[in-house]
Amino acid sequence: MKPVIVVHGGAGRIFKEREEGSRAGVVRAALRGYGILKQGGSALDAVEEAVRSMEDDPHFNAGCGSVLNEKGEVEMDAIIMDGKNLDSGAVSAVKNIANPIKLARLVMEKTKHMLLTDHGAHLFAQAMGIPETPGEKLITERSRERWKKNLEPDSNPQEFQKDLGTVGAVAIDREGNVACATSTGGLSNKLIGRVGDTACIGSGGYADNRSGAASTTGHGESIMKVVLARLILYHMEQGMSPEMAADTALEYMKTRVGGLGGVIVVNNSGEWAARFSTKQMSWATVKDDQLHYGIYAGERDTKPVDEALISESEGF
């Protein structure tokens, strides 16, 4: 099987001045994940590495760069899933760690559970020796500004939810195993303890070798109502292509609950899709040593991986 990775940096509205950073961030993540696959590494390692790269990038609403809750704190959610045996690990409402995706993977591999939350996740992170990152270190100037704006009496937080960069990755490796990973800081000025779709298996992501893998982004509560990631896999099980399955599921979410979002999908034969019903979604994929990436509907830039790696080392 030829390895494939697809990543997204969130669906919504990407402001002009942030386009270049978002594009460079998803390209970097896809190249890092593909590097692992190319050396015979697992889909699981590839999606974790791709998401970790975007958690460390302040352009995205995950890890460093996460939006703030009503109290001005960062609370993050993440999930990872292995399509081989349907093992999954997730964390929700976690604070003070740089890479929630790493913690989600440890939940999957070192516990009998699938989801740890808040204080329990914090204790588990300590037990696993994950260093604590002071909350301040995860907060960017932009997140703080947005939080303050949303506190103003005449503000409309919904308006500001439109450019949320949840991050995700899906991959298939040489062995034909698929995996997904998704990570987010959630909604700006959300209630303390609010958990969205990301940490919920079947909503924020799903992976099953029998059909494929999906990672989602968009309005979390809408995604949860239709269990979007699993819905896409269901459509593929019925014989739809990844693109058709993604479009059908997104259309259903829009008509049934008025929700907008985006998805990345890979099926078990290596076909992929990156689709969205929002204005934009930053995405990138590598297949057959070709990198493809875009932000706008219909946009698809392509360059050979070798060339992309040179630009990457020179700073894109």
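Note that the structure is predicted; figures quoted are calculated from it, not measured. (Residues numbered from 1 in each chain as written. Predicted model: local features only at pLDDT ≥ 70, side-chain atom pairs only at ≥ 80, totals over all residues. Heavy atoms only, no water.)

Chemist: Tell me about the nonpolar core, residues and numbers included.
Modeler: By size, the foremost hydrophobic cluster in this structure holds 51 residues, and its most contacted members are Ile5, Val7, Ile80, Leu103, Ala284 and Val286. Filtering out sequence-adjacent residues up to four positions away, isoleucine 80 remains in contact with Leu44, Val47, Glu48, Asp87, Ser88, Gly89, Ile101, Ala104, Arg105, Met108, Cys180 and Ala181. Counting residues in each nonpolar core, the second largest holds 34 residues, with Tyr206, Val226, Leu231 and Phe276 among its members. (Core = buried A, V, L, I, M, F, W, Y, C linked by side-chain atoms within 4.5 Å. Buried < 20%, exposed > 50% of the residue type's maximum accessible area, 1.4 Å probe, protein only. Contact = heavy atoms within 4.5 Å.)

Chemist: So, the layout of surface pockets: which residues are in play, and what are the values?
Modeler: In this structure, the second largest pocket spans a volume of roughly 240 Å³. Broken down by element, the residue count for the lining of the second largest pocket peaks at five residues, all from strand S10 (residues 272-276). Residue composition of the lining of the second largest pocket, by class: seven nonpolar, one polar and five charged. (1 Å grid on protein atoms, 1.4 Å probe; cavity = no way out; pocket = protein on both sides within 12 Å on 5 of 7 lines; lining within 4 Å. Points joined across faces, edges and corners; volume = space filled by probe spheres on them. Helix = DSSP H or I, 4+ residues; strand = E, 2+ residues; numbered from the N terminus. Nonpolar A, V, L, I, M, F, W, Y, C, P; charged D, E, K, R; others polar.)

Chemist: Before we move on, can you summarise the side chain of glutamate 49 with the specific residues and values?
Modeler: Along the polypeptide, glutamate 49 turns up in helix H2 (residues 43-55). Of note is the side chain of glutamate 49, whose polar atom sits 2.8 Å from the side chain of arginine 52. (Polar contact = N/O pair within 3.5 Å; in protein donor to acceptor, adjacent residues only side chain to side chain.)

Chemist: Talk me through the side chain of serine 211; I want residue IDs and the actual numbers.
Modeler: With respect to the helices and strands, the residue serine 211 is situated in the loop between strand S7 (205-208) and strand S8 (212-218). Not counting the four nearest positions on each side in its chain, serine 211 is found in contact with Leu233, Met236, Glu237, Val266, Asn267 and Asn268.

Chemist: Which residues make up the UniProt feature "active site" (unreviewed entry) in the protein, and what are the values?
Modeler: Per the UniProt record, the feature "active site" (unreviewed entry) sits at Thr166. Considering the arrangement of structural elements, one finds threonine 166 in the loop between helix H7 (157-160) and strand S5 (167-172). (UniProt positions renumbered as here; feature names shortened; annotations may be inferred.)

Chemist: A description of the pairing of strand S2 (residues 76-82) should follow, citing residues and the corresponding values.
Modeler: Among the seven residues that make up S2, seven are buried, leaving the element largely enclosed by the rest of the structure. Every second residue of S2 is oriented toward a common face, with Met76, Ala78, Ile80 and Asp82 on one face and Asp77, Ile79 and Met81 on the other, all of them buried. In this structure, S2 lies alongside strand S3 (residues 87-94), joined through six bridges in antiparallel fashion. Bridge pairing in S3 links aspartate 82 to aspartate 87. Direction of pairing for S2 relative to strand S6 (residues 178-184): antiparallel, over a ladder of six bridges. Residue pairing across strands places isoleucine 79 opposite threonine 182, the latter belonging to S6. (Pairing = 2+ DSSP bridges.)

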